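# Chains, contacts and geometry: an overview
Here is what each chain is made of, one letter per residue.
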Amino acid sequence: MAVFSLRLFMLSSFQVCLCVHLAPYKIGQLYMISKHSHEQSDRGEGVEVVQNEPFEDPHHGNGQFTEKRVYLNSKLPSWARAVVPKIFYVTEKAWNYYPYTITEYTCSFLPKFSIHIETKYEDNKGSNDRIFDNEAKDLEREVCFIDIACDEIPERYYKESEDPKHFKSEKTGRGQLREGWRDSHQPIMCSYKLVTVKFEVWGLQTRVEQFVHKVVRDILLIGHRQAFAWVDEWYDMTMDEVREFERATQEATNRKIGVFPPAISISSIPLLPSSVRSAPSSAPSTPLSTDAPEFLSVPKDRPRKKSAPETLTLPDPEKKATLNLPGIHSSDKPCRPKLE
C-alpha cells in the first residue's frame, strides 16, 4: 500500500542588493511600499490599509505594526480564480523593527495557507551566508539572488524610467548599472529574506508553492527597482516627512479602491499593550484551523437529483373528470398536466 505525505512547508531565501547605505534606506523602504501600493491599486482591487501604529516588542524593541488587506482576484491564475470567491483578499500583518522585519500573509478562506517572511538588512553585497542560521540552520532551502539591473521583469510592469540600467540619480550620482555592478559599486547594502510557504492540501501544494515563489520574486524585483529609481524623491526626507507621506498616500489608496474608512492615524501610543498584542516569533506560524476549505473537500455520496420523471403518462381526456390529479379540472377547456 502506497503511503503519501505532505511537506510541512516550502522554504526559500532571497537576496536583493541596492546602491545605498543601510541607514537612509529605513526611509526609502517606507516610501517605496506606500507609493508602490498606491500605484498597484485600482477600483475594487489593491491594498487597503487597516492599521498603522507604533508597536513595542520586548525582544526587538520599538517598531511599527501595520495590517492591510490585499485584494487581488484578477491577478490570480485561472486555476486559482476557479476556486476562490469573487471578493477575495489576503490579510497582511507586518512588524517593522528595521533593520529586521516580520511579515505574515494569511487568508481566512484558505485556513491551511500562510506565508511567513523574515527580512534582515545589512551593509554588504549579499556575502553573509549564515544570516538566518538561528532561524533555519538545519533546514534545506533554495537561495535566489535577485539582480535589480539585469533580471527580467514581467513586460506589463516595465518602465524605462525605473530601469536601473538607464536611470541615474541626480542627488547621489548612482545609476546606469551594468552587469557585475554589485562588485564595483559603493555604497551597497543587501536585503535578505527568508520566505516560508505553507499550503497543506493534497494535489495543489506544489502548484501553489511554485506560484507563490514566482509572485514573491517578482514583487521583490519590482519593488527594489522602484526604491532605487525613486531615490531622488525620498533621499532627503526625514522620518516625520515620510510618515506624513505614508498617511496621505494610504488614505488616497483606500479611496482609490473604493474603501472609505475613518482617517488613518499614525499615533505615537499603541492601542493595546505589547502583552496583549505580541509580535510573532521567528518560527513560521501555523494557521489555527486545520480543516480543508469546503471547495477542496471530497464530495459526499448523495442520490442523484432528477430534474424530471423518467416517464411521463398523460391522462386519458375521456377520463379526466374522474381523475384526482393536481392541475386537472373538470371543464371543457383543455389543460396540461402539472409536471412535478
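Remember, it's a predicted structure, so these values are computed and weren't measured experimentally.

## A few points about the overall build of the protein chain
The helix and strand inventory of the protein chain stands at 6 helices and 8 strands. Listing every helix and strand of the protein chain by position from the N terminus yields β-α-β-β-α-β-β-β-α-β-β-α-α-α. Across the 340 residues that make up the protein chain, the buried fraction comes to 44%. Here the contacts in the protein chain between residues at least 6 apart in sequence split such that 71% fall between residues at least 24 apart. A total of about 20,500 Å² of accessible surface is found on the protein chain, and carbon and sulfur atoms cover 52% of it.

## Things to note about the pattern of salt bridges
Counted under the stated rule, the structure contains 15 salt bridges. Of the charged contacts in the structure, one is a salt bridge between Asp163 and Lys165, with a shortest N-O distance of 3.4 Å. A residue is classified by how much of its surface remains accessible, and Lys165, at 30% relative accessible area, is partly exposed. Note that Arg217 is salt-bridged to Asp218, the shortest N-O span being 3.7 Å. Where salt bridges share partners, they join Asp151, Lys214, Arg217 and Asp218 into one cluster.

## Some thoughts on the packing of aromatic side chains
What the rule picks out here adds up to 11 aromatic pairs. Each ring, one from Tyr31 and one from Trp230, has its centre 6.4 Å from the other, and the planes form 75°; the classification is edge-to-face. A residue pair is termed long-range when its members are at least 10 positions apart, and Tyr31 in helix H1 (residues 22-39) and Trp230 in the loop between helix H4 (205-229) and helix H5 (231-234) qualify at 199 residues. In this structure, Tyr31 and Trp230 share a single accessibility class: buried. For the pair Phe167 and Phe228, a centre-to-centre distance of 5.6 Å together with 85° between the ring planes defines the contact as edge-to-face. In this pair, Phe167 sits in the loop between strand S7 (142-146) and strand S8 (189-199) while Phe228 sits in helix H4, placing the two residues 61 residues apart along the sequence. A relative accessible area of 5% means that Phe228 is categorised as buried.

## Some thoughts on the environment of Tyr235
Among the structural elements, Tyr235 can be located in the loop between H5 and helix H6 (239-256). With relative accessibility at 30%, the residue Tyr235 sits in the partly exposed group. Linking Tyr235 and Pro24, residues 211 residues apart in sequence, is a C-alpha distance of 7.1 Å.

## Observations concerning the pairing of strand S3 (residues 61-71)
Burial of S3 is extensive: 8 of the 11 residues sit out of reach of the surface. Hairpin connection from strand S2 (residues 46-57) to S3: 3 residues lie between these consecutive antiparallel strands. As defined by bridge partners, S3 adjoins strand S4 (residues 89-97) across 8 bridges and the pair is classed as antiparallel. The residue of S4 that forms the bridge with Tyr71 is Tyr89.

## Remarks on the sheet that holds strand S1 (residues 10-18)
Read from one edge of the open sheet, 8 strands run S2-S3-S4-S5-S6-S8-S1-S7, paired in mixed fashion. Edge strands, defined here as strands with exactly one partner in the open sheet, are S2 and S7. Taken over all neighbouring pairs, the strand axes of this sheet differ in orientation by 15° on average, direction set aside. Note that strand S6 (residues 113-122) and S8 share 10 bridges and pair antiparallel. Counted as the bridge partner of Glu122 is Cys190 from S8.

## Thoughts on the confidence of the model for the protein chain
Per-residue pLDDT for the protein chain has a mean of 77; in total, 67% of the residues score no lower than 70. Put simply, helix H2 (residues 78-81) is where the protein chain has its lowest mean pLDDT, 58, and H5 is where it has its highest, 97.

## Describing the environment of Glu244
For Glu244, the location among the structural elements is in helix H6. Within the local environment of Glu244, its side chain forms a polar contact with the side chain of Arg247, the two groups lying 2.5 Å apart.

## Quick notes on the packing of H1 against H4
Two numbers describe how H1 lies on H4: the axes approach to 9 Å, and their chain directions differ by 115°. For the pair H1 and H4, the crossing hand works out as right-handed. Packed against H1, whose contacting residues are Tyr25, Met32, His36 and Glu39, the element H4 presents Ile222, Gly223, His224, Gln226 and Ala227 at the interface.

Definitions and cut-offs
- Note on numbering: residues in each chain are counted from 1, in written sequence order.
- For this predicted model, a pLDDT threshold of at least 70 governs which residues receive local features, and a threshold of 80 or more governs which side-chain atom pairs are given and counted, while totals over whole chains, interfaces and linings are taken from all residues.
- Values shown for side chains rest on all heavy atoms present in the structure; no hydrogens or waters enter the calculation.
- Strands are runs of DSSP state E lasting at least two residues, helices are runs of H or I lasting at least four, and both sets are numbered from the N terminus onward.
- Think of it in three bands: with a 1.4 Å probe and only protein chains considered, a residue is buried below 20% of the maximum accessible area for its type, exposed above 50%, and partly exposed in between.
- Any two residues whose heavy atoms approach within 4.5 Å are treated as being in contact.
- The method behind every accessible area is Shrake-Rupley, applied with a 1.4 Å probe, and residues are considered shielded solely by the protein chains displayed.
- Within this document, salt bridges are pairs made up of a side-chain nitrogen of Lys or Arg and a carboxyl oxygen of Asp or Glu, the two lying within 4 Å of each other.
- Stacked, tilted and edge-to-face are the three classes assigned to paired rings of Phe, Tyr and Trp, where Trp is represented by its six-membered ring and a pair needs centres within 6.5 Å; plane angles under 30 degrees give stacked, over 60 edge-to-face, the rest tilted.
- Only strands that DSSP links by at least two bridges are regarded as paired with each other.
- An axis is simply a line fitted to the C-alpha atoms; with a helix, the fit covers only the stretch in contact. Between two such axes, the angle follows the N-to-C directions and lies from 0 to 180 degrees.
- pLDDT runs from 0 to 100 and stands for how confident the predictor is about each residue.
- Any pair of nitrogen or oxygen atoms within 3.5 Å is treated as a polar contact; in protein, a donor-acceptor pairing is required on top of that, and neighbouring residues in sequence qualify only through side-chain atoms on both sides.
- Handedness of each helix crossing follows the sense of rotation of the near helix against the far helix: counterclockwise by less than a right angle gives left-handed, clockwise gives right-handed.

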